[in-house]
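# Topology and contacts: notes
If you want the building blocks of each chain, they are given just below.
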Amino acid sequence: MDTSLWYRNFGELEARGQSAIYEQWALGVADDPELIALIDELPLQKRQPNLVFACARLLGAPEGDYPRFRRWLVQHWSAVVPEAHARSTQTNEARRCATLLPALALIPGPLALLEVGASAGLCLFPDRYSYSYDDGIHIDPATGPSEVLLQCTTAGNLPGPVSLPNVVWRAGLDRRPLDVRNAGDTHWLETLVWPEQHERRARLRAAIRIAAEDPPFLVRADASELASLAAEAPSDATLVVLTSAVLVYLPFAERMRFVESVRALGVRWISLEGVRGLPTVRAALPDDHGSDGRFVLALDEVPLAFTGPHGQSLDWIAGR
Ligand SMILES: C[S@@+](CC[C@H](N)C(=O)[O-])C[C@H]1O[C@@H](n2cnc3c(N)ncnc32)[C@H](O)[C@@H]1O
């Protein structure tokens, strides 16, 4: 994709309404041929606005107006380049569990959860968070209210009752797993949250504290190596593969091979991906929905709901 257009789209479609700073930076870059030429020195997948901005902030870029940011970026570009090469976007959003929960409730337990592209594994703890849905449903773990309260608005006819899953095994794989006990890793996770999103950052810190009490079993592996980790799951639990905001990082042929590998395992599969994430899911969507930035929640490639990309909303479409 043309880098200028990429930054313009990011500014107008993703950052607008979410982060005034990122919106201004992205639109500034989009109209700045000198900056575009610098960013184009990076390999294609490293030109991502989210990654370039997070690397810059990690290294101390001022979170102010575009001219200040631009001056800083030009001066520090030689430091940003290796950082962008070494890192990737690994935003880990526990609130996505609020949209995963109704899909998990459709699967008979006990459950063994295996997340592909788990980042730090914060979505592997759906049973440790509290939930509040705007239709009056409030759910707490058996041990009492969690420090992490995930709020989610709903529309459509959610199947009830939604309850917490009985998770007896949890594991994740990631090309670069992040460790909730490692200060450098948690700082990177915090930096991936956009500048003004203080509530998200507070939720992230609280979810990290919960995960750090019982760190998840995370394996450094590629999505293509799913089968070997799946073989470690207990045979007396229902194995559920989770993919959330990860398929976009797999080139199409690789993604299709991954789809085949999940099907071959004969497991349940909950996916939470962009509309273009899975061709089978996209083909089954109602015509009147499309590319408004929302994700699609699907179970075994059957769409269930549109969701806010960070788990903030759930619009149930199955059975409509
Ligand atoms: C945007 S994060 C999503 C994290 C988490 N699933 C969530 O929803 O909060 C995507 C993660 O997928 C990982 N990833 C990308 N491509 C991968 C691949 N081919 N194999 C394994 N992990 C991959 C990245 O390293 C990153 O941690």
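Residues numbered from 1 in each chain as written. Predicted model: local features only at pLDDT ≥ 70, side-chain atom pairs only at ≥ 80, totals over all residues. Heavy atoms only, no water.

## Brief notes about unusual backbone geometry
Filter applied, for reference: Secondary structure elements follow DSSP: runs of H or I of four or more residues count as helices, runs of E of two or more count as strands, with numbering from the N terminus.
Backbone torsion omega between Gly109 and Pro110 reads 0°, so that peptide bond is classified as cis. In this structure, Pro110 sits in the loop between helix H6 (96-104) and strand S1 (111-116). Phi is positive for Ala245, close to 55°, though the residue is something other than glycine. Mapped onto the fold, Ala245 is located in the loop between strand S7 (238-244) and helix H10 (252-265).

## Quick notes on the pairing of strand S2 (residues 130-133)
On any regular strand, side chains alternate: one points to one face of the sheet, the next to the other face. How we decide: Each pair of strands is called paired provided DSSP finds at least two bridges between the two strands.
Where S2 and strand S4 (residues 149-155) come together, four bridges link them in parallel fashion. Of the residues in S4, the one forming a bridge with Tyr131 is Leu150. Bridge count for S2 against strand S3 (residues 138-139) is two bridges, and the pairing is antiparallel. Within the sheet, the bridge partner assigned to Tyr131 lies in S3 and is Ile139. Linking S2 to S3, which pair antiparallel, is a turn of four residues; within it Gly136 sits at a positive phi near 90°.

## What to know about the packing of aromatic side chains
Formally: Note on ring pairs: Phe, Tyr and Trp rings are taken, using the six-membered ring of Trp, and paired if centres are within 6.5 Å. Classes follow the plane angle, with under 30 degrees stacked, over 60 edge-to-face and the rest tilted. Accessibility here uses a 1.4 Å probe with only protein chains present; expressed as a share of the type maximum, an area under 20% marks a residue as buried, one over 50% as exposed, and anything in between as partly exposed. We call a charge positioned over a ring when the NZ of a Lys or the CZ of an Arg lies within 6 Å of the ring centre and within 35 degrees of the ring normal.
Under the definition given, this model contains 13 aromatic pairs. Aromatic pair Phe10 and Trp194: ring centres 5.4 Å apart, planes at 65°, arrangement edge-to-face. Of this pair, Phe10 sits in helix H1 (residues 3-15) while Trp194 sits in the loop between helix H7 (183-191) and helix H8 (198-213), and the two are 184 residues apart along the sequence. A relative accessible area of 4% places Phe10 in the buried class. Geometrically, the ring pair formed by Tyr22 and Trp194 is tilted, given 5.6 Å between the ring centres and 45° between the ring planes. Here the residue Tyr22 occupies a position in helix H2 (residues 20-30), and Trp194 occupies one in the loop between H7 and H8, the gap between them amounting to 172 residues. Given a relative accessible area of 0%, Tyr22 falls into the buried group. Given the relative accessible area of 5%, Trp194 is considered buried. Within the aromatic cluster, the residues linked to one another by ring pairs are Tyr7, Phe10, Tyr22, Trp25, Phe53, Tyr66, Phe69 and Trp194. When the ring centre of Trp188 is taken as origin, the NZ or CZ atom of Arg87, which lies over that ring, is 4.7 Å away.

## Observations regarding the sheet that holds S4
With respect to topology, eleven strands assemble into an open sheet ordered S3-S2-S4-S11-S10-S9-S8-S7-S1-S5-S6, the strand pairing being mixed. Because the sheet does not close on itself, it has two edges, and the strands there are S3 and strand S6 (217-220). Relative to strand S11 (residues 313-316), strand S10 (residues 302-307) runs antiparallel, the two being bridged by three bridges. Counted as the bridge partner of Ala305 is Trp316 from S11.

## A look at the site of the ligand
For clarity, the threshold we go by: Here, proximity means that at least one heavy atom of the residue falls within 4 Å of the molecule or strand. Any pair of N or O atoms that falls within 3.5 Å is considered a polar contact. Within protein, one atom must be able to donate a hydrogen and the other to accept it, and sequence-neighbouring residues count only if both atoms are side-chain atoms. Surface accessibility in these figures is a Shrake-Rupley result with a 1.4 Å probe; residues are shielded only by whichever protein chains are displayed. The residue classification treats Ala, Val, Leu, Ile, Met, Phe, Trp, Tyr, Cys and Pro as nonpolar and Asp, Glu, Lys and Arg as charged. All others, Gly included, are polar.
Close to the ligand lie 21 residues; Asn92, Arg96, Glu115, Asp174 and Ser244 are nearest. Asp222 is positioned such that a nitrogen or oxygen atom in its side chain is 3.0 Å from a nitrogen atom of the ligand. Between the ligand and the protein, one listed contact pairs a nitrogen atom with a backbone N or O atom of Ala223 at 2.9 Å. About the coverage of the ligand: the protein hides 98% of its 600 Å² of free accessible area. Residue classes in the shell around the ligand are distributed as eight nonpolar, seven polar and six charged.

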